[in-house]
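As a plain string of letters, each chain reads:
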Amino acid sequence: MPESRVARPRRFLVCEPRFFAVRYAINPWMRPEQPVDVSLARRQWLSLVDAYRRHGHTVETVEPLPGLPDMVFAANAAVVVDGRVFGSRFHAPERRPESVPYVAWFKAHGFDVQHPESVCEGEGDLVPAGRWILAGTGFRTTPEAHREAQEFFGVPVIGLTLVDPYFYHLDTALFVLDEENVAYYPEAFSPGSREVLERLYPDAVLATREDARAFGLNSVSDGRHVFISPGATELADRLADRGYVPVPVDLSEFRKAGGGIKCCTQEIRS
Ligand SMILES: CN(C)C(=N)NCCC[C@H](N)C(=O)O
């Protein structure tokens, strides 16, 4: 009999994909010559917002700006823990202007924003996980940014090295299920980082390459429901065996930019 899991209501910040497009290539998923169906992307994004609201979560929006096609990926804008906001410094020049509207949103909603000095892509690489923050590096966020985040939050930051360019942000290879456990794709990590994950999470849910390629690890969990790509079928079964409730949400259009459910979702933890 699987354990019965308890959901905790969340506060999410999202950005409508009004200007979503693939105009440049900054990760292996992006091919600017491949057309994007903006109206399908919008419907898919609305289905995510609807799924969050139906499950009792609060969803707020930041106004999208023209010329910023990746602004829909709200997770990259910051990391928020205990109401403290650690902003972003994007690796790609094309994404750097996104910080301005996000910082303005946080300020307008009563938050101060700490600006990192090193490249740091928000919750894409800094993943709060109960007593610590798991932090990816290798492609985007730097180890210097991990140190800055630890100083700022006063929470242990555990560095993990990513090695496969298809899993260029930590949130493509791992997600937090609840305060105690995570799901991840081991081959996305260096051997030493894999060992760290095995020590921290001996009971983790492991994903196959197929599930990882379907963006199954770019999921959002509220402790009970897991909002997950419908392509990650085996992972969904493994989660259900552990008592989680998979809620499939198809964001296939966003995969063309290298993003999925978690990328579109900034969690405001206060
Ligand atoms: C799950 N991921 C990767 C995210 N958290 N964000 C998606 C960013 C996509 C954007 N084209 C880029 O390459 O930056």
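Please refer to the structure placed before this passage.
Residues numbered from 1 in each chain as written. Predicted model: local features only at pLDDT ≥ 70, side-chain atom pairs only at ≥ 80, totals over all residues. Heavy atoms only, no water.

### Quick notes on the sheet that holds strand β9 (residues 174–176)
Pairing between the strands of a sheet is mediated by backbone hydrogen bonds and can be parallel or antiparallel. If you trace the 3 strands from one edge of the open sheet to the other, you get β9-β10-β11, paired in mixed fashion. Edge strands, defined here as strands with exactly one partner in the open sheet, are β9 and β11 (205–206). Strand direction decides the pairing type here: strand β10 (residues 182–184) and β11, joined by 2 bridges, are parallel. Bridge pairing in β11 links A183 to V205. (Pairing = 2+ DSSP bridges. Helix = DSSP H or I, 4+ residues; strand = E, 2+ residues; numbered from the N terminus.)

### Notes on empty space enclosed by the protein
All chains considered together, the criterion is met by 4 cavities of 30 Å³ or more. Lining the largest cavity are 13 residues, with F73, N76, R95, Y168 and A257 positioned closest to its centre. Among the residues forming the lining of the largest cavity, the class breakdown is 5 nonpolar, 5 polar and 3 charged. Empty space within the second largest cavity amounts to approximately 60 Å³. Lining of the second largest cavity is provided by F215, N218, S229, P230, V249, D250, L251, S252, R255, G259, G260 and I261. (1 Å grid on protein atoms, 1.4 Å probe; cavity = no way out; pocket = protein on both sides within 12 Å on 5 of 7 lines; lining within 4 Å. Points joined across faces, edges and corners; volume = space filled by probe spheres on them. Nonpolar A, V, L, I, M, F, W, Y, C, P; charged D, E, K, R; others polar.)

### So, the state of the cysteines
Disulfides are covalent bonds that connect the sulfur atoms of two cysteines. Under the defined criterion, the tally for this structure stands at 0 disulfides. Its sulfur unpaired, C120 is 15 Å from the next cysteine sulfur, which belongs to C263. Looking at C263, the relative accessible area reads 4%, which means it is buried. (Disulfide = S-S within 2.5 Å. Buried < 20%, exposed > 50% of the residue type's maximum accessible area, 1.4 Å probe, protein only.)

### Comments concerning the pattern of salt bridges
A side chain with one charge can pair with a side chain of the opposite charge if their charged atoms come near. Per the counting criterion, the structure on display carries 20 salt bridges. E33 is paired through a salt bridge with R31; the nearest N and O atoms lie 3.7 Å apart. Judged by relative accessible area, which is 58%, E33 ranks as exposed. Notably, a salt bridge pairs E234 with R238, separated by 2.5 Å at the nearest N-O pair. Remark: R238 and E234 occur in helix α6 (residues 233–241); sequence separation between them is 4 residues, near one turn of the helix. Counted as one network, the salt bridges with shared partners bring together R10, E123, K262, E267 and R269. (Salt bridge = Lys/Arg side-chain N within 4 Å of Asp/Glu carboxyl O.)

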